[in-house]
Amino acid sequence: MASTSLSYEEAFGLPTSSDSPTRRKAQSGESISYEEAFNLPPPEPAAPGVVPTIKRTAGQMLTTLATSADDVVGPNFVTQALQDTGQGIIDRNPAGIRSLRDLVDNPLLAVKESVGQLAPQIGAAAAGGVAGARAGGAIGSALGPAGAAAGAAIGGAAGGLLPIFTQEYGGIRQEQQESGQEDKARALAAAIPATALERIGMGQAMKVVKGVGLGPTSILKEAGKGVLKEGATEGAQNMIEQWGAFKDPRTAANLEDTALAAAMGGIGGGVMGGASGT
């Protein structure tokens, strides 16, 4: 009995026309999603909440890491895969709080999303700090115990800042690319102070990770400090990012964006600050 070979499309029941959108994307070198490959409907977006926000923030961290890496090593299949994966996560987990009106209308969701935004950033900074300390300690050990201690301190500080910096720099570069105005030096000049502000604002939240408790009587005090510190740093950081992306921080739309960033940062900082006081 003669064997009959089947094409990929025939085997999986996909359109065989050379003009199908999926085939054109594949032939042009673009990546295709699982659903496109198997002719399935796209997945339904997740309902806004803590977990979807954590996922969305993690997806943003993947895309900004890929954008930052592109500027160092050039675009390649690895960074493209990171971009596609991260963007897919973002698309499947849309934000519920997009404006000050949304925040007023649904304050509980604002609390959930503000905490969800901080969680992966804290985790990445903590993990980077541990990895950096180990690497720095190993390198510094060549100079003896004192060198190991100094290396661990320097490596821990650098490792904790690296995830924040790649998110800041990569995010600014993405906005530059969207606007058609690209300037790596300007993005770098904005990312450095924005990274410093982000790390300052995360100070209270990092206490939670480190298990630093200050007692029940300190909960309100630390929550208040978290609101003020994180809210102020997020607002200033947002304006720096806008400048880096060639946006005018003084326009009504950008002022509202800054106010929203400050409000969400203040809410998240208050929750984490209160947690550090327990």
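Above this text sits the structure in question.
Predicted model, so just to flag it, every value in this text is computed and none were measured.

Quick notes on the rules
- Residues numbered from 1 in each chain as written.
- Predicted model: local features only at pLDDT ≥ 70, side-chain atom pairs only at ≥ 80, totals over all residues.
- Heavy atoms only, no water.
- Helix = DSSP H or I, 4+ residues; strand = E, 2+ residues; numbered from the N terminus.
- Contact = heavy atoms within 4.5 Å.
- Areas by Shrake-Rupley, 256 points an atom, 1.4 Å probe, with all protein chains shown as cover.
- Patch = residues over 30% accessible without salt bridge, like charges linked within 9 Å, V, L, I, M, F, W, Y side chains within 5 Å.
- Salt bridge = Lys/Arg side-chain N within 4 Å of Asp/Glu carboxyl O.
- Buried < 20%, exposed > 50% of the residue type's maximum accessible area, 1.4 Å probe, protein only.
- Core = buried A, V, L, I, M, F, W, Y, C linked by side-chain atoms within 4.5 Å.
- Polar contact = N/O pair within 3.5 Å; in protein donor to acceptor, adjacent residues only side chain to side chain.

(A) Highlighting the overall build of the chain. For the chain, the helix and strand inventory stands at 12 helices and 0 strands. Helices (α) and strands (β) of the chain occur, in sequence order from the N terminus, as α-α-α-α-α-α-α-α-α-α-α-α. Partitioning the contacts of the chain with sequence separation of at least 6, the portion at a separation of at least 24 is 69%. Taken as a whole, the chain presents about 15000 Å² of accessible surface, with 64% of it coming from carbon and sulfur.

(B) A look at a nonpolar patch on the surface. A surface patch of nonpolar side chains, amounting to about 200 Å² of accessible area, comprises Val-50, Val-51 and Ile-54. Structurally, Val-50 can be placed in helix H4 (residues 50–73).

(C) Local environment of the environment of Ala-236. Structurally, the position occupied by Ala-236 is in helix H11 (residues 219–244). What makes Ala-236 partly exposed here is its relative accessible area of 31%. Sequence spacing of Ala-236 and Thr-258 is 22 residues, and the spatial spacing of their C-alpha atoms is 7.9 Å.

(D) Structural view of the pattern of salt bridges. Counted according to the given criterion, the structure contains 5 salt bridges. Note that Arg-173 and Asp-71 form a salt bridge whose closest N and O atoms lie 2.6 Å from each other. Residue Arg-173 is located in helix H8 (residues 145–179), and its partner Asp-71 is located in helix H4; the two are separated by 102 residues in the primary sequence. The class of Asp-71 is partly exposed, set by a relative accessible area of 21%. The partner of Glu-175 in a salt bridge is Lys-247, and the shortest N-O contact between them spans 2.3 Å. Of this pair, Glu-175 sits in helix H8 while Lys-247 is found in the loop between H11 and helix H12 (252–276), placing the two residues 72 residues apart along the sequence. For Glu-175, a relative accessible area of 27% gives the class partly exposed. Put simply, Asp-71, Arg-173, Glu-182 and Lys-184 are held in one network by salt bridges that share partners.

(E) Structural detail: the nonpolar core. Formed by Ile-97, Leu-103, Leu-109, Ala-110, Leu-260 and Met-264, the largest nonpolar core amounts to 6 residues. When contributions to this core are tallied by element, the ones reaching two or more residues are helix H7 (107–140) and H12. By size, the runner-up hydrophobic cluster in this structure holds 5 residues, among which are Tyr-169, Ile-172, Ala-190 and Ala-191.

(F) Examining the side chain of Gln-174 more closely. Within the fold, Gln-174 resides in helix H8. Among the polar contacts made by the side chain of Gln-174, one reaches the main-chain carbonyl oxygen of Thr-63 at a distance of 3.2 Å. If we ignore the near neighbours within four places in the chain, the residues touching Gln-174 are Thr-63, Thr-64, Thr-67 and Gln-83.

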